[in-house]
Amino acid sequence: MSRRPLGQLEAEVLAALAGLGGTASTAELVERLDGDPAYTTVNTILHRLHDKRLVSRTRAGRHYRYRLAVDESELVAGRMRDHLRHASDPGNVLNRFARSLTAEEARKLREFLDLPEDGG
């Protein structure tokens, strides 16, 4: 089994938590993640995400239940902007990204790009 970079696992945990739309325990998140990550690894990731204020938590018996504390789309868009900003050829990156989209994703992107600057 290959190990994921911690940034990738953090993103996967955030996405799983967002997909639940509410609170989740570490065990519930482990079940939703691909690759059978260790409970302790996911728990460590959740503690780091809490320290970064990306998730909130409430005590539930001896454990915590976690909830997304940020807007997932804003978080992912920020990571995409950071990657684009650090690329030597951002235009080429955008071209490759756009060409990798499904027809439905491309349609949605065109819709967003056609909105007025104030977001419509």
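All figures in this text were calculated on a predicted structure; none of them were measured in a lab.

Novice: Before we move on, could you go through the layout of surface pockets and cite the residues and values that matter?
Specialist: In this structure, the largest pocket spans a volume of roughly 520 Å³. When residues of the lining of the largest pocket are traced back to their parent elements, those giving at least two are helix 4 (72-85), helix 5 (90-100) and helix 6 (103-114). Tallying contributions element by element places helix 6 first for the lining of the largest pocket, with 6 residues. Among the residues making up the lining of the largest pocket, the classes are represented as 10 nonpolar, 1 polar and 4 charged.

Novice: Break down the packing of aromatic side chains for me, with residues and values.
Specialist: Remark: the centre distance and the inter-plane angle together describe each pair of aromatic rings, the angle taken between the planes. As enumerated under the stated definition, the model contains 1 aromatic pair in all. Above the ring of Tyr64, the side-chain terminus of Arg59 is found at 4.4 Å from the ring centroid.

Novice: Talk me through the domain arrangement of the protein chain; I want residue IDs and the actual numbers.
Specialist: Each assigned domain of the protein chain is listed with its residue range as follows: domain 1 (6-68) and domain 2 (72-114). Relative placement of domain 1 and domain 2: their C-alpha centres are 26 Å apart.

Novice: Provide a residue-level description of the pattern of salt bridges, including the pertinent values.
Specialist: What the rule picks out here adds up to 5 salt bridges. Taking the shortest distance from any N to any O, the salt bridge between Lys52 and Glu10 comes out at 3.0 Å. A residue pair is termed long-range when its members are at least 10 positions apart, and Lys52 in the loop between helix 3 (39-51) and strand 1 (55-60) and Glu10 in helix 1 (residues 6-20) qualify at 42 residues. Among the ionic pairs, Asp82 bridges to Arg85, the shortest N-O distance being 2.9 Å. With a gap of 3 residues between them, Asp82 and Arg85 both fall in helix 4, about one helical turn apart. According to the relative accessible area criterion, Arg85 is exposed, its value standing at 56%. Each member of the salt-bridge network shares a partner with another, and the members are Glu104, Arg107 and Glu111.

Novice: Before we move on, could you go through the pairing of strand 1 and cite the residues and values that matter?
Specialist: Remark: a regular strand shows side chains that alternate across the two faces of the sheet. Sheet topology places strand 1 next to strand 2 (residues 63-68); 6 bridges connect them, and they run antiparallel. Bridged to Arg57 within strand 2 is Tyr66. Adjacent in sequence and paired antiparallel, strand 1 and strand 2 are bridged by 2 residues, among which Gly61 carries a positive phi angle near 70 degrees.

Reading the values: the criteria
- Residues numbered from 1 in each chain as written.
- Predicted model: local features only at pLDDT ≥ 70, side-chain atom pairs only at ≥ 80, totals over all residues.
- Heavy atoms only, no water.
- 1 Å grid on protein atoms, 1.4 Å probe; cavity = no way out; pocket = protein on both sides within 12 Å on 5 of 7 lines; lining within 4 Å.
- Points joined across faces, edges and corners; volume = space filled by probe spheres on them.
- Helix = DSSP H or I, 4+ residues; strand = E, 2+ residues; numbered from the N terminus.
- Nonpolar A, V, L, I, M, F, W, Y, C, P; charged D, E, K, R; others polar.
- Phe/Tyr/Trp six-rings, centres within 6.5 Å; stacked < 30°, edge-to-face > 60°.
- Lys NZ or Arg CZ within 6 Å of the ring centre and 35° of its normal.
- Domains from an automatic or database assignment.
- Salt bridge = Lys/Arg side-chain N within 4 Å of Asp/Glu carboxyl O.
- Buried < 20%, exposed > 50% of the residue type's maximum accessible area, 1.4 Å probe, protein only.
- Pairing = 2+ DSSP bridges.

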